[in-house]
Amino acid sequence: MTEPRRRHEHLVAGLLGPSGAELTCEECFDLLDVYVDSELAGEHADERVPGMREHLSGCPACAEEHDSLRDLQTTLP
Amino acid sequence: MPGSVPAVQRVTAPPGLDREAEARAWLGALRGTGAERDDAVRRLHELLLRAARFELGRRRAMVAAIGRETVDDLAMQSADDALAAILSKLDDYRFESRFTTWAYKFAILEAAVRTRRRAWQERELPIDPDAWTTLPARTLDPAEDLERRDQLRAIIEAVRTELSPHQREVLGALVLAEVPIDVLAERLGTTRGALYKTLHDARRKLRTVIGADS
């Protein structure tokens with residue numbers, strides 16, 4: 001994918017957001033630990049916490065915190 | 001919770017016994033008294049401080065202009081506030097994750113929000129009232145195919161005709177200017193959740209108008 005195309009896709013995704021049912025930011029924070037532990041355990045995290053994947057694709061702040069928590073749990077005991 | 005955001009089912013699963021035993025030990029000590037509680041609070045604060053430092057370390061680029069002492073202060077403030085939040089929400093822990101995962105998320109949130117706000121504290125919000133008008137010229141490459149150009153033009157027309165001024169302002173700040181949602185929430189005197197609800201409703205309206213959901 002070319003850089004202009006990538007920027008275009010990024011912009012359109014940001015403007016339109018995810019199309020599926022998604023959690024709110026409050027629900028995301030409430031369930032983030034459950035989702036991350038499920039991911040790290042190799043479980044079906046998206047089935048366990050429906051709507052999380054969609055929210056993380058539409059909310060950059062929550063996505064950053066998800067990535068941090070997941071990476072932290074693989075780094076710290 | 002905002003009513004227009006579709007509700008989703010939360011499925012619970014029984015935690016592992018080791019995880020549950022670990023969590024019960026934490027909860028018992030934190031709800032206890034005397035030296036046992038003091039020790040548990042101290043150990044938890046140490047973990048939260050490590051988590052906050054980890055988060056700040058991930059954001060080196062954002063905090064590059066901040067002095068070492070200030071970064072340490074941010075980490076300590078984040079750990080302090082995370083600890084206070086956790087101690088007031090012990091009854092909210094539901095044994096669906098490791099206790100430390102549950103606790104770490106409070107430190108991550110505190111450190112992330114503080115860092116975003118700190119990085120933007122001297123900056124004006126880059127809100128340009130003409131941003132929507134000039135967007136196609138700024139973003140569309142002549143080589144892009146016609147369908148993509150038409151799609152973006154349709155979205156921009158829907159932004160102009162279908163969204164409220166507040167929805168346009170929020171969408172423009174968060175998506176076009178990429179202002180962190182916590183920073184925008186602070187400037188507008190609202191919350192991340194309320195802003196995301198505005199963003200969610202605006203996006204849903206745009207998807208409906210351009211037929212993206214069909």
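How each quantity is defined
- Residues numbered from 1 in each chain as written.
- Chains lettered and ligands numbered in written order.
- Predicted model: local features only at pLDDT ≥ 70, side-chain atom pairs only at ≥ 80, totals over all residues.
- Helix = DSSP H or I, 4+ residues; strand = E, 2+ residues; numbered from the N terminus.
- Buried ≥ 20, exposed ≤ 12 C-beta atoms within 10 Å, placed from the backbone.
- Contact = placed C-beta atoms within 7 Å.
- Domains from an automatic or database assignment.
- Nonpolar A, V, L, I, M, F, W, Y, C, P; charged D, E, K, R; others polar.

Colleague: Would you mind going over the environment of B:Arg114 with me for this structure?
Modeller: All names here are of chain B. As for its placement among the helices and strands, Arg114 is situated in helix H4 (residues 99-120). Judged by the 22 C-beta atoms lying within 10 Å of it, Arg114 is buried. Between the alpha carbons of Arg114 and Asp91 there is a distance of 26 Å; along the sequence they are 23 residues apart. With residues up to four places along the chain from it excluded, the contact list for Arg114 reads Leu74, Gln77 and Ser78.

Colleague: How do you make sense of unusual backbone geometry when you look at a structure like this?
Modeller: In most cases, non-glycine residues show a negative phi, while peptide bonds are predominantly trans. All names here are of chain B. Phi is positive for Phe95, close to 65 degrees, though the residue is something other than glycine. On the secondary structure map, Phe95 appears in the loop between helix H3 (68-88) and H4. Phi angles above zero are rare outside glycine, and Glu178 is one such case at about 55 degrees. Position of Glu178 relative to the elements: it lies in the loop between helix H7 (165-176) and helix H8 (181-188). Its 10 C-beta neighbours within 10 Å are what place Glu178 among the exposed residues.

Colleague: Mind showing me how you'd approach the domain arrangement of chain B here?
Modeller: Many authors give the size of an interface as the accessible area that is lost as the parts come together. All names here are of chain B. If you check the domain split of chain B, you get domain 1 (17-120) and domain 2 (131-210). Summarising the inter-unit geometry, the C-alpha centres of domain 1 and domain 2 are found 34 Å apart. Across the contact, four residues belong to domain 1 and four residues belong to domain 2. Tallied by class, residues from the side of domain 1 that touches domain 2 come to two nonpolar, no polar and two charged.

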